[in-house]
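Okay, here's what each chain looks like letter by letter:
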Amino acid sequence: MQRLSSPIGLMKPAYDVVVIGSGYGGGVAASRLARAGQRVCVIERGREVVTGEFPSRLPELRRELQINGGKMRSGSRTGLYDFRLGADIHVLVGCGLGGGSLINAGVALKPEARVFADPAWPRAMRDGLLDLGYARAAAMLRPARHGKASSLTKYRALEAASACFGTPPVVAPVAVSFEATINPAGVAQEACTLCGDCCSGCNVGAKNTISMTYLPDAHHHGAEMFTELTVSHVAKEGSFWRVSFRPTMDPDATPKTVDAKTIVLAAGTLGSTEILLRSREQGLKLSDRLGEGFSANGDIIAFALGKETKVNAIGVGHPSKFDGDAVGACVTGQIELPDQDDFEHGLTIQEGVLPSGLAPLL
């Protein structure tokens, strides 16, 4: 696949729009704005990793791990897996061109309508504004359900587990191409090999990440992308914005700047908040509530070892490291247990797969 990023020396002094971050928020914004004829610059703190370059063995996975907590940090600042350790919560953040889409399971569930019926949301969202966005996202990310899911060992194990609920599992929609295709961004994608390595990065090219969809589309429409640059803060300078940044691997370097009529701050929950907090320290007027009211995704990851039922929940990699049953995409099935009276009490149980690179530990 063609690389999308450019050397820093090609960055212009100013653009119509500077997008900070390249995950789901930044990638979509870059695509839409570039299509609208805006001169777009995308800044990403991580590096560009293309198909075939994702870690597939334990030493490679270890080199992609960075840990940040208080005054302690370890690992490369451009490692794909950025663990943030806090007093009350730990967070895994994706670091690379494509953001968290590079290392997530790609499950594409649409929230129930009653989620956004809460008056805490803006009225426009409660009145159906999101529907068009969901349709457009589905057209680009193309969530699909594996047609032969019931033949997979881990799906059959989920069926056995679902018996106690009296509710059989359903096949989960995932942003994965199960057939070879040319996607809407014009990128050729191979069919999923069911290797199970979705969360270490897809070396097949079948996972519909932001780097395979929205970012190539943005690039095709003229957006320029620059990686391994970390934004320190933003400032309002008259009628335009000034974005200050440094090389990610050299945080003590003299900062450089780029100007824009508009900035899109899409560096993730933690990244965007950090930039805004530093910007406030530099004089940008922002709310005193900034950084308050965080919540988690509502996800719980659980592990069970030594059970009698075979699950087949360790990836085999690509090319396959050993012969055996197909593993499937990271998540293939889920047990849906909604609460019709209170959606906050509903539960969805999904099976999962750990990447093949972790097999030596398991």
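Residues numbered from 1 in each chain as written. Predicted model: local features only at pLDDT ≥ 70, side-chain atom pairs only at ≥ 80, totals over all residues. Heavy atoms only, no water.

**Quick look at empty space enclosed by the protein**
Then step 1. Inspection of every chain in the model, using the stated rule, returns four cavities of 30 Å³ or more.
Then step 2. Considering only enclosed or pocket space, the largest cavity measures out at about 130 Å³ in volume.
Then step 3. In the lining of the largest cavity, the residues fall into nine nonpolar, four polar and two charged.
Then step 4. In this structure, the second largest cavity spans a volume of roughly 80 Å³. (1 Å grid on protein atoms, 1.4 Å probe; cavity = no way out; pocket = protein on both sides within 12 Å on 5 of 7 lines; lining within 4 Å. Points joined across faces, edges and corners; volume = space filled by probe spheres on them. Nonpolar A, V, L, I, M, F, W, Y, C, P; charged D, E, K, R; others polar.)

**A look at the sheet that holds strand β14 (residues 333-337)**
Then step 1. The strand order β7-β14-β15 describes an open sheet built from three strands, whose pairing is antiparallel. Pairing within the sheet leaves two strands with one partner each, and these edge strands are β7 (170-171) and β15 (347-350).
Then step 2. The sheet contacts of helix α5 (residues 153-162) involve β7 and β14, and relative to β14 the element is tilted by about 20°. (Pairing = 2+ DSSP bridges. Helix = DSSP H or I, 4+ residues; strand = E, 2+ residues; numbered from the N terminus. Contact = heavy atoms within 4.5 Å. Axes fitted to C-alpha atoms, helices over the stretch in contact; angles between N-to-C directions.)

**Focus: the side chain of Asp-217**
Then step 1. Position of Asp-217 among the secondary structure elements: in helix α6 (residues 214-220).
Then step 2. Contact partners of Asp-217, with chain neighbours within four places excluded, come to Ser-31, Arg-35, Met-140 and Ala-185.

**Things to note about the pairing of strand β5 (residues 81-85)**
Then step 1. Direction of pairing for strand β3 (residues 65-69) relative to β5: parallel, over a ladder of four bridges. Residue pairing in the sheet places Asn-68 in a bridge with Arg-84 of β5.
Then step 2. As judged from the five bridges shared by β5 and strand β6 (residues 90-94), these two strands associate in the antiparallel manner. When the bridges of β6 are listed, Phe-83 appears paired with Leu-92.
Then step 3. Between β5 and β6, which pair antiparallel one after the other, the connecting turn spans four residues.

**Focus on the nonpolar core**
It is characteristic of soluble globular proteins that their nonpolar side chains tend to be buried jointly.
Then step 1. Core analysis: the biggest nonpolar cluster contains 19 residues, and Val-19, Ala-30, Val-40, Val-42, Leu-215, Ala-223 and Met-225 have the highest contact counts within it.
Then step 2. At the level of elements, β1 (14-20), α1 (24-35), β2 (40-43), α4 (130-141) and α6 are the ones that each hand at least two residues to this core.
Then step 3. If one sorts the elements of this core by residue count, α6 sits on top with three residues.
Then step 4. Discounting chain neighbours no more than four positions away, the residues touching Met-225 are Leu-4, Ser-5, Ser-6, Val-42, Leu-97, Leu-215, Ala-218 and His-219.
Then step 5. Listed in part, the 17 residues of the second largest apolar core include Met-11, Ile-20, Cys-41 and Val-243. (Core = buried A, V, L, I, M, F, W, Y, C linked by side-chain atoms within 4.5 Å. Buried < 20%, exposed > 50% of the residue type's maximum accessible area, 1.4 Å probe, protein only.)

**Focus: the sheet that holds β6**
Then step 1. Judged by pairing direction, the sheet is mixed, and its four strands sit side by side in the order β4-β3-β5-β6 without closing on themselves. At either end of the open sheet lies a strand with only one pairing partner, and these are β4 (72-74) and β6. Strand-to-strand twist in this sheet, taken as the mean axis angle between neighbours without regard to direction, amounts to 15°.
Then step 2. Bridge analysis of β3 against β4 gives three bridges, and the strand direction is antiparallel. Across the sheet, the residue bridging to Gly-69 is Met-72, located in β4.

**Quick notes on the pattern of salt bridges**
Then step 1. All chains considered together, the criterion is met by 13 salt bridges.
Then step 2. Its salt-bridge partner being Lys-12, residue Glu-224 comes within 2.4 Å of it at the nearest N-O pair. Linking Glu-224 in strand β10 (residues 224-226) with Lys-12 in the segment before β1, this pair joins segments that are 212 residues apart in sequence.
Then step 3. Given a relative accessible area of 36%, Lys-12 falls into the partly exposed group.
Then step 4. For Glu-64, the salt bridge is made with Arg-47, and the minimal N-O distance between the two is 2.4 Å. Linking Glu-64 in the loop between α2 (58-63) and β3 with Arg-47 in the loop between β2 and α2, this pair joins segments that are 17 residues apart in sequence.
Then step 5. Relative accessible area serves as the criterion here: at 22%, Arg-47 is assigned to the partly exposed category.
Then step 6. Residues participating in the shared-partner salt-bridge network are Arg-45, Asp-82, Arg-84 and Glu-274. (Salt bridge = Lys/Arg side-chain N within 4 Å of Asp/Glu carboxyl O.)

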